[in-house]
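# Examining the three-dimensional arrangement
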Amino acid sequence: MKLRLGMIGGGSGAFIGAVHRIAARIDDKYELVCGAFSSNAERSKASGVLLNVDESRAYGSYQELIEKELQLPEDVRVQVISIVTPNHVHFAPTKLALESGFHVVLDKPMTFSLAEALDLEKVVASSGKLFCLTHTYTGYPMVKQAKQFIAEGKLGKIRKAYVEYPQGWLSEFSESTGNKQAAWRTDPTQSGIAGAMGDIGTHAFNLLEYVTGQKVTKLCADINVVIDGRLLDDDGAILLKLENGASGTLMATQIAAGEENNLRIRIYGEEGGMEWQQADNNTLQIKWLHQPTEIYRTGAEYNGTFAQHNFRVPPGHPEGYLEAFANLYRNFAECVEASIEGKEASVESKDYPGIEEGVRGMAFIETVIASGKSDQKWIELKTTV
């Protein structure tokens, strides 16, 4: 039986809402049964019609959604709520949904501020409900293979980490041309204190910590606003220190003209290094110190259990961004199903980003911006306020 899914945000014309719905459908684990697809009641109703949601369950606000769904019989009401709103409308609906007894999938970054993130951490703990944060890139099979490879100690002690995320879509002042995505992502009242670093820098940060298994302890940031008139950063580079003493570099920019979403990570240990990039996401390179380079491919039986759990087709059939996104939804669904049945989900199913990653992402944003504005460049990354 499919889990009953509701959505807050993500109505007609919303890029990320459509991506979430596709991801939820790929493995037939969910059925979209309700939504508050817009803060405008008419637009929400219209989106509900397009998405084949019963008219009575296309609500005018997230408060109405939760209130009305709680009035329905338990075997009819929504079970999982997906929240795909701009950053400033993350905390309140997530808090209300969890406190009302619903599991939540939330788009990143988790909240508007670290203070909100820490409050939400307490809500998740007290609610007893499951929470997933959609850091998409951890869903790629070869990223999971990289993580397992390092966790098994095959590269030896990690010494160096590089992660970069160049985009070019904000190389012009697009927020003044009616580009809805550009407008809210560069607006501090909707996005928060960071632009590029909040939007894609958090992805790069999360990917580095996920793959290496090491937490960033302090950082030194150079943050820039390149395009005249822009209110938030659109470019930056950061030096990092990891908890095992390794050093790293993170670059995130949205003004690299001609780039698309060229996310890339390289990790180097005592025995060798590895490289993965989204442009060739089905490939993981392992570069040995005293042996030839090895190429790992999605779908191959020689991969570890975490990679194998997250691919669907034989080698040579590309699996990309939508499938990586779907892996988060599928793994989360397996954990929700296990909780309903009173069972323990597999360790592979439990491998999705959650509240800890959300708190660390917000701590990253606030530390980066503080460092970028400070003369004391090296600042500890603390998950406290």
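My aim in this report is to walk through the structure given alongside it, one point at a time.

Here is what the cut-offs are and how they apply
Residues numbered from 1 in each chain as written. Predicted model: local features only at pLDDT ≥ 70, side-chain atom pairs only at ≥ 80, totals over all residues. Heavy atoms only, no water. Pairing = 2+ DSSP bridges. Helix = DSSP H or I, 4+ residues; strand = E, 2+ residues; numbered from the N terminus. Axes fitted to C-alpha atoms, helices over the stretch in contact; angles between N-to-C directions. Buried < 20%, exposed > 50% of the residue type's maximum accessible area, 1.4 Å probe, protein only. Arc of directions from axis to C-beta. Contact = heavy atoms within 4.5 Å. Polar contact = N/O pair within 3.5 Å; in protein donor to acceptor, adjacent residues only side chain to side chain. 1 Å grid on protein atoms, 1.4 Å probe; cavity = no way out; pocket = protein on both sides within 12 Å on 5 of 7 lines; lining within 4 Å. Points joined across faces, edges and corners; volume = space filled by probe spheres on them. Nonpolar A, V, L, I, M, F, W, Y, C, P; charged D, E, K, R; others polar. Salt bridge = Lys/Arg side-chain N within 4 Å of Asp/Glu carboxyl O.

In sheet architecture, strand pairing relies on hydrogen bonds along the backbone and comes in two forms, parallel and antiparallel. Strand order in this open sheet of nine strands is 13-12-11-10-6-9-8-7-14, and the pairing throughout is mixed. At either end of the open sheet lies a strand with only one pairing partner, and these are strand 13 (294-297) and strand 14 (378-380). Going across the sheet, the axis of each strand differs from the next one's by a mean of 15°, ignoring polarity. Sheet topology places strand 7 (residues 216-224) next to strand 14; three bridges connect them, and they run antiparallel.

This brings us to helix 2 (residues 41-50). Taken residue by residue, helix 2 has Ser 44, Ser 47 and Gly 48 as its buried positions. Around the axis of helix 2, the buried residues are gathered within 105° of arc, so they sit on the same side. Residues of helix 2 that are exposed and point more than 90 degrees away from the buried face comprise Glu 42, Arg 43, Val 49 and Leu 50. In the core, the buried residues of helix 2 are packed alongside strand 2 (30-36). One side-chain oxygen of the residue at the start of helix 2 lies 3.0 Å from the amide nitrogen of Glu 42, identifying that residue as Asn 40. One or two positions beyond helix 2, positive phi appears at Asn 52, with a value near 60°.

What follows covers empty space enclosed by the protein. Under the criterion given, the structure shown has two cavities of 30 Å³ or more. If you trace the largest cavity, you find it lined by Asn 87, Pro 109, Thr 111, Phe 112, Ser 191, Gly 192, Ile 193, Ala 194, Gly 198, Asp 199, Met 362 and Ile 365. Its residues assigned to classes, the lining of the largest cavity shows six nonpolar, five polar and one charged. Its boundaries defined by the atoms lining it, the second largest cavity holds a volume of some 40 Å³. Mapped by element, the contributors of at least two residues to the lining of the second largest cavity are helix 6 (141-151), strand 10 (264-269) and strand 11 (272-277). Top element by residues in the lining of the second largest cavity is strand 11. It accounts for three residues. Among the residues forming the lining of the second largest cavity, the class breakdown is eight nonpolar, no polar and one charged.

With that out of the way, let us pick up the pattern of salt bridges. Evaluation of the coordinates by the stated rule reveals 20 salt bridges. Residue Glu 275 pairs with Arg 264 through a salt bridge whose shortest N-O separation is 2.9 Å. Residue Glu 275 is found in strand 11, and its partner Arg 264 is found in strand 10; the two are separated by 11 residues along the sequence. Residues Lys 350 and Glu 344 are paired through a salt bridge, measuring 2.1 Å at the closest nitrogen-oxygen approach. Exposure remark for Lys 350: the relative accessible area of 39% places this residue in the partly exposed category. Note on Glu 344: relative accessible area 63%, which makes it exposed. Bridged by salt links that share partners, the residues Asp 27, Arg 312 and Glu 319 form one connected network.

The subject of this paragraph is the layout of surface pockets. A volume near 1,100 Å³ is recorded for the largest pocket. Breaking the lining of the largest pocket down by element, the ones donating at least two residues are helix 1 (15-25), helix 2, helix 3 (62-70), helix 7 (180-185), helix 9 (196-212) and helix 11 (321-340). With four residues, helix 7 is the single largest residue contributor to the lining of the largest pocket. Residue classes in the lining of the largest pocket are distributed as 18 nonpolar, 23 polar and seven charged.

To continue, consider the pairing of strand 13. Sheet faces and side chains relate simply in a regular strand, where the side chains alternate between the two faces. Of the pairings in the sheet, the one linking strand 12 (residues 283-288) to strand 13 comprises four bridges and is antiparallel in character. Paired with Leu 284 across the bridge in strand 13 is Tyr 296. Taken together, strand 12 and the strand that follows it, strand 13, pair antiparallel across an intervening segment of five residues.

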